[in-house]
Amino acid sequence: MDAVIEINDLSFAYEKDIILENINLIVKPLDFLAIIGPNGGGKSTLLRLMLGLLKPMQGSIRILGGSPYEHLSEIGYVPQNTNVNTDFPIKVLEVVLMGHIGGKRPLFGYGKEEIACAMGALAQVGMAAYAHQRIGDLSGGQRQRVMIARALCAHPKILMLDEPTASIDVKGQKEIYELLKRLNETMTVIVVSHDISVILEYANKAAHVNKRLAFHDISNKKETFHTHGTDDHFCEIELLQMLGSEHCDTCNNDTQTRREEP
Amino acid sequence: MIEALGYTFVQHALIAGLLVSLAAGIIGSLIVVNRMVFLAGGIAHASYGGIGMAVYFSLPIFLGASVFAVASALLIAQLTLHKRHRIDTFIGLIWAVGMAIGVVFVDLTPGYHVDLMSYLFGSILAVSSSDLYFMGALLGLIVLVVLFGYRSILAVSYDSEYARLRGIPVRFFYTLILILSALTVVIAIKVVGLILVIAMLTIPVYIAERLSNTLWKMMIISGIVSALFTLAGLALSYAYNLTSGASIILVSAASLGVFLFLYRKG
C-alpha cells in the first residue's frame, strides 16, 4: 500500500465557522508527521477527523484504504489533556486494558492474554513497575506514557497523538519524543504539537495547519534547521512563518537562499 | 431497642435500608465518577411529578415515580448528547417543572391529600413487602449490569471519547447508567426522601473514593459505608423519635467530617 492516510479536498466547519479548507494530505508508511500551526488553526480538528470522531463536511479521508471507522483497531490514539479526571479510582493497568478492542472477551473481568498484552505495552513505554498504582498518583509525563501504552495495546499501525508534551517538564518531553522515535521504527506516527522542537529533531514530514494546510518533506532538511552555527539558527517564530507559507524555500532543496536572507 | 426488631415494619425498614444502601453505593459511585450529581438531583426532584400524577390517577406511587424518573433521565440523556453546553440549564428546568407538575396534580386530587412530607423526607417505616420486592429486583438488576458490563461502563466513565474509538456503544451505556440512576433515586426516595437522596448517593461515595484504587472497590466500600450509615441513622431515629431520613443523612455528614479529619492527620 502506498499511503496509510489519504486526505482529499477536505473541508470542515463547526456551525458557520470554517475550520479547515481544501486540505490535501498523504501520509506514507513509517512517516513521522508533525502537525503544527497556531492555536485555533485546526490542528486538533484535523486529527479528530482522521480518527473518525468528526465527519468531514466535504472531501474524503481514507485510512489504510477505508473509512476511519473500519480501521479503529489499527489506529492508536493518545488524547490531549491526560491531566483531567485524575481523581478517578482506576489503576494504571486498567487504563491500558481499555485499549483492547472487541474480539474474544471473557464474560466478566479480563482475560489472561489481555493482561499479558497490556503489561507488554506498559513495558514498552517503561511503566511496567507502575501497573498497580492509581493513575492519579503519577506525574504528567508518566501518565502520558500510560496513555501511549493504552494506544499500543491494540497493536496499531498508526499512532496519533494530540499535544503529547503539553504540561510536561522538559526532561519528560525529551523522553516522550525518544519513545516515539523508537515506536516510529514499526509504525506511522502523527503528532499534533505547537512544540517546534519535534520537527527539528524527530519528524520527517511537517504539515502546517492554519485553515489551509502546507505540507513539507523535511526528512533531508535537518541541517537547515539545526546543524549550522548558532548565528543562523532559525528562531521558532521564523520557522513557523516559513512552514506556514505554501512554498517554503527549503522545500525547493535550496537551503542556501533561505539562509542568506536578512 | 432489640424488642423493636420483632415488629414487621421495623424488619421491613432494615431490609429496605440495606437494599437501598447497596444500590446507592454502586450507582452513587457511577454518578460521582461520571460527574452527574446535579443531573441525579434533577431526576430526583422531577420524579415528584410522577408521584403527583400517580396520586391523581390512583396508580401505584412507585410506578408513577419510576416512569417519570426514567422519562426525565431519557430526556436528559438526549439533551446531553445534543446540547451539551446548555445542559445545566435544562437540568434546572426539568428539576423545577417536574416538581411543579407533582404539586399541581396533588392539588387537583380530590379528597384526602397524601402527606407531601413523606416523599420529601422519606417514609422508611412504611415500606410494604411489594416495595421490598421492587427494591430487591432493582438491586439484582444493577449488580448484573455492573458485573457483565463493567469493562464498558468503566471505559465510558473514564474516557468516553476513547471508549467510542474502541467501538463501545457509548450512548447506550451512558443512557443505561442514567436509567439505573433514575430507578435508584426512586427507591432511595422511600428511604431518605427526594430532598436528601443526593446526600445518600454522594457522602458514602466520597469516603469510598478516597479509600479505593479501582471503581469496583469504590462501589463495594460505598455500599457498605452507606449501609452502616443507614442502620445507625435508623437506630438514632428510633431511639429519639426523629425523622429517619434526616437522621441517616446527619449520621453520614458527621461521619464524613470525622473521616476527613482523620484522613488529613493520617
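Residues numbered from 1 in each chain as written. Chains lettered and ligands numbered in written order. Predicted model: local features only at pLDDT ≥ 70, side-chain atom pairs only at ≥ 80, totals over all residues.

A. Broad picture of the overall build of chain A. Of the regular secondary structure elements, chain A holds 9 helices and 9 strands. Within chain A, buried positions represent 41% of all 262 residues. Sequence separation of at least 24 residues holds for 71% of the intrachain contacts in chain A that already meet a minimum separation of 6. (Helix = DSSP H or I, 4+ residues; strand = E, 2+ residues; numbered from the N terminus. Buried ≥ 20, exposed ≤ 12 C-beta atoms within 10 Å, placed from the backbone. Contact = placed C-beta atoms within 7 Å.)

B. Broad picture of the sheet that holds strand β1 (residues 5-14) of chain A. Residue and element names in this part refer to chain A. In spatial order, the strands read β2-β1-β4; together these 3 strands make up an open sheet with antiparallel pairing. The sheet is open, and its two borders are formed by β2 (17-27) and β4 (58-63), each paired with just one other strand. For this sheet, the mean angle separating the axes of adjacent strands, direction not counted, is 25°. Where β1 meets β4, 5 bridges bridge the pair, whose relative direction is antiparallel. Paired with I5 across the two strands is I63, which belongs to β4. (Pairing = 2+ DSSP bridges. Axes fitted to C-alpha atoms, helices over the stretch in contact; angles between N-to-C directions.)

C. Representation of the packing of helix α6 (residues 129-158) of chain B against helix α8 (residues 170-192) of chain B in the model. Residue and element names in this part refer to chain B. Interhelical geometry of α6 versus α8 gives an angle of 150° and a closest axis separation of 10 Å. When the axis of α6 is compared with that of α8, the two are roughly antiparallel. Note that α6 runs across α8; the crossing there is left-handed. Residues D131, F134, M135, L138, I142, V145, G149, S152, I153 and V156 of α6 lie in contact with α8, whose contacting residues are V170, F173, Y174, L176, I177, L180, L183, I187 and K190. Classifying every residue of the contact of α6 with α8 by side-chain character gives 15 nonpolar, 2 polar and 2 charged. (Parallel < 35°, antiparallel > 145°, perpendicular 65-115°, else oblique. Left-handed = near helix turned anticlockwise from the far one by under 90°. Nonpolar A, V, L, I, M, F, W, Y, C, P; charged D, E, K, R; others polar.)

D. Looking closely at the interface of chain B and chain A. Across the boundary between the two partners, chain B contributes 18 residues, which contact 18 residues of chain A. Within the residue set of the side of chain B that touches chain A, elements represented by two or more residues are α6, α7 (160-165) and α10 (215-240) of chain B. It is α6(B) that contributes the most residues to the side of chain B that touches chain A, 6 residues altogether. When grouped by side-chain class, the residues that make up the side of chain B that touches chain A number 11 nonpolar, 4 polar and 3 charged.

E. Fine view of the sheet that holds strand β5 (residues 75-78) of chain A. Residue and element names in this part refer to chain A. Spatial strand order, β5-β6-β7-β3-β8-β9: 6 strands in an open sheet with mixed pairing. With one partner strand each, in any of the chains shown, β5 and β9 (212-217) form the two edges of the open sheet. Each strand of the sheet is rotated relative to its neighbour by a mean of 15°, with strand direction disregarded. For β5 and strand β6 (residues 158-162), the ladder comprises 4 bridges, and the chain directions are parallel. Bridge assignment links I75 to a residue of β6, and that residue is I158. Along the sheet, helix α1 (residues 43-51) contacts β3 (32-36), β5, β6, β7 (188-192) and β8 (205-210); its crossing angle with β6, the most-contacted strand, is approximately 145°. Taken strand by strand, helix α4 (residues 140-152) contacts β5 and β6, and its axis lies near 165° from that of β5.

F. Summary view of the packing of helix α9 (residues 197-211) of chain B against α10(B). Residue and element names in this part refer to chain B. Remark: α9 packs on α10, axes separated minimally by 8 Å, with the N-to-C direction vectors making an angle of 130°. Overall, the two elements α9 and α10 adopt an arrangement that is oblique. Every pair of crossing elements has a handedness; the one defined by α9 and α10 is right-handed. Residues M200, P204, V205, I207, A208, E209 and L211 of α9 form the contact with α10, whose own contacting residues are M218, I221, S222, V225, S226 and F229. Along the lines of polarity and charge, the residues of the contact of α9 with α10 split into 10 nonpolar, 2 polar and 1 charged.

G. Representation of helix α5 (residues 170-183) of chain A. All names here are of chain A. The end-to-end C-alpha distance of α5 is 20 Å, a good match for the 20 Å that 14 residues give at a rise of 1.5 Å each. Listed in full, the buried residues belonging to α5 are I176, Y177, L180 and L183. An end-on view of α5 places all buried positions within 115° of arc, on one side of the element. Turned more than 90 degrees off the buried face of α5, the exposed positions are V170, K171, E178 and R182. (Expected span 1.5 Å × (residues − 1). Arc of directions from axis to C-beta.)

H. Expanded view of unusual backbone geometry. Of note in this structure, A:D9 is not a glycine but carries a positive phi near 50°. Structurally, A:D9 is set in strand β1.

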